[in-house]
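# Observations on the three-dimensional arrangement
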Amino acid sequence: MDIQLLAVPYDSGNRGLRMGAGPQALLDAGLQDALRAAGHRVHVKVAELPGDSWHAEIQTSFELMRMLAAAVREARDSNRLPIVLAGNCNTAVGTIAGLGVDSTGVAWFDAHADFNTPETTTSGFLDGTAVAILTGRCWTQLAATIPGFEAISDERICLIGTRDIDSLEGGLLDDSSVQVIAPRRLRSSLRPTLTAMSEHVDRIYLHIDLDVLDSGVALANRFAVSGGLSLEEMEYALAQIAERFHIAGISLTAYDPSADRDGSACKAAVSLISTAASLASGP
């Protein structure tokens, strides 16, 4: 199939730093070659903001979301599968806007829930509000500036492998209808959760924050924690999702090469992207 790799090499408005270095590192590690070896045709586009402008985190992040929405829509119009390589998870807002929100569900693989709002966060990290933005709980005025974006209902979102949840964030989740599958419940809960989601969606956006993996398997970034998924469990989950839904788009986020001292996280990222792309292309 035709694949459009969309690299967004920014972390909190900073280009090429920390997790913003991840997209280029994956390209340098031969991601394109791995996809081409699997028979795919691969095209690459890198998001670039003007180098001489002021880059405030919130302003810059939403500008990247707007750029990404247009790029994803263009990929779809060209019959290409969009695969986003991004520093931050909040790029998902732009990706989903570009995919089209009608009948699109979200399988969110992440160690963290990203369900904070500006009122509940204690870190002030915009990325920790990504799913809250998707569901219309915060940053609504800025989200409305992203072409094609509409809030997604809770029933269309499932958090998978999530285990590091802030206390106030947990209260918001408890009051929501977003499904959360902890790593230890993957085998027992994933299939019934996907069945329930299928009543509301027929295609899926795969969001893979690399720190969903157990930190002993791969140290994706400085936010990585233990108790996560193995590569085998990830492959199981991806296969279950592909069995029920058309995969409309994929993101791999939050890979920080400086944390990956033995290269295992990079290798895992390339493997997961390749697996997800093959599942998206069908039998």
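Structure first, text after, so check above.
A quick note: this is a predicted structure, and the numbers were derived from the prediction, not measured.

What follows deals with the overall build of the chain. The helix and strand tally for the chain stands at ten helices and ten strands. For the chain, the C-alpha radius of gyration of 17 Å lies close to 19 Å, the compact-globule estimate for 283 residues. For the chain, the C-alpha atoms occupy an extent of roughly 45 × 40 × 40 Å along the three principal directions. With 283 residues in all, the chain has 57% of them scored as buried. A separation threshold of at least 6 residues defines the contact pool for the chain, and within that pool the share at least 24 residues apart is 75%.

Before going further, it helps to spend a moment on the pattern of salt bridges. For the structure on display, the rule yields seven salt bridges. Among the salt bridges present, the one from K45 reaches E74, with a minimum N-O distance of 3.3 Å. Taken together, the residues K45 in strand β4 (residues 41–46) and E74 in helix α3 (residues 57–77) connect sequence positions 29 residues apart. Judged by relative accessible area, which is 44%, E74 ranks as partly exposed. A salt bridge links R137 to D154, with the nearest nitrogen and oxygen atoms 2.9 Å apart. Here the residue R137 occupies a position in the loop between α5 (130–134) and α6 (140–143), and D154 occupies one in the loop between α6 and β7 (157–160), the gap between them amounting to 17 residues. For R137, a relative accessible area of 31% gives the class partly exposed. Under the relative-accessibility criterion, D154 is labelled buried at 12%.

All right, on to the environment of S264 then. Summarising the element assignment, S264 is placed in helix α10 (residues 264–281). Counting along the chain gives twelve residues from S264 to A276, while the straight-line C-alpha distance between them is 18 Å. When residues no more than four places from it in sequence are discounted, the contact partners of S264 are V217, A218 and L219.

Take the state of the cysteines next. The final tally for this structure, using the stated rule, is zero disulfides. Unpaired in this structure, C89 has its nearest cysteine sulfur neighbour in C138, at a distance of 14 Å. The closest cysteine sulfur to the non-disulfide-bonded C158 is located on C89, 15 Å from its own sulfur.

Now for the pairing of strand β1 (residues 2–8). Burial analysis of β1 places seven of its seven residues in the buried class, the great majority of the element. Here β1 runs beside β4; their pairing, made up of six bridges, is parallel. Along β4, the bridge assignment pairs L6 with K45. With six bridges joining them, β1 and strand β5 (residues 81–86) adopt parallel strand pairing.

Before going further, it helps to examine the packing of aromatic side chains. All chains considered together, the criterion is met by two aromatic pairs. Taken together, a centroid distance of 6.4 Å and an interplanar angle of 55° make the contact between F62 and W139 tilted. Taken as a pair, F62 in helix α3 and W139 in the loop between α5 and α6 lie far apart in primary sequence, 77 residues in all. A relative accessible area of 0% means that F62 is categorised as buried. When the centroid spacing of 5.6 Å and the interplanar angle of 20° are considered together, the rings of F125 and F223 count as stacked. One end of the pair, F125, is in the loop between β6 (104–109) and α5; the other, F223, is in the loop between β9 (203–209) and α9 (231–244), and 98 residues separate them in sequence. F223 sits in the partly exposed class, given a relative accessible area of 24%. Directly above the ring of Y236 sits R187, whose terminal nitrogen or CZ lies 4.1 Å from the centroid.

The strand order across the open sheet formed by eight strands is β4-β1-β5-β10-β9-β6-β7-β8, and the pairing between neighbours is parallel. Each of the sheet's edge strands pairs with one partner strand only, and the pair in question is β4 and β8 (179–181). Across the sheet, the axes of successive neighbouring strands diverge by a mean angle of 20°, strand direction being ignored. This element, helix α4 (residues 91–99), spans β1, β5, β6, β9 and β10 (246–253) of the sheet and lies at about 160° to β9.

Conventions used here
Residues numbered from 1 in each chain as written. Predicted model: local features only at pLDDT ≥ 70, side-chain atom pairs only at ≥ 80, totals over all residues. Heavy atoms only, no water. Helix = DSSP H or I, 4+ residues; strand = E, 2+ residues; numbered from the N terminus. Rg over C-alpha atoms; globule rule 2.2 N^0.38 Å. Buried < 20%, exposed > 50% of the residue type's maximum accessible area, 1.4 Å probe, protein only. Contact = heavy atoms within 4.5 Å. Salt bridge = Lys/Arg side-chain N within 4 Å of Asp/Glu carboxyl O. Disulfide = S-S within 2.5 Å. Pairing = 2+ DSSP bridges. Phe/Tyr/Trp six-rings, centres within 6.5 Å; stacked < 30°, edge-to-face > 60°. Lys NZ or Arg CZ within 6 Å of the ring centre and 35° of its normal. Axes fitted to C-alpha atoms, helices over the stretch in contact; angles between N-to-C directions.

Don't take any of this as a statement about function, it's just geometry.
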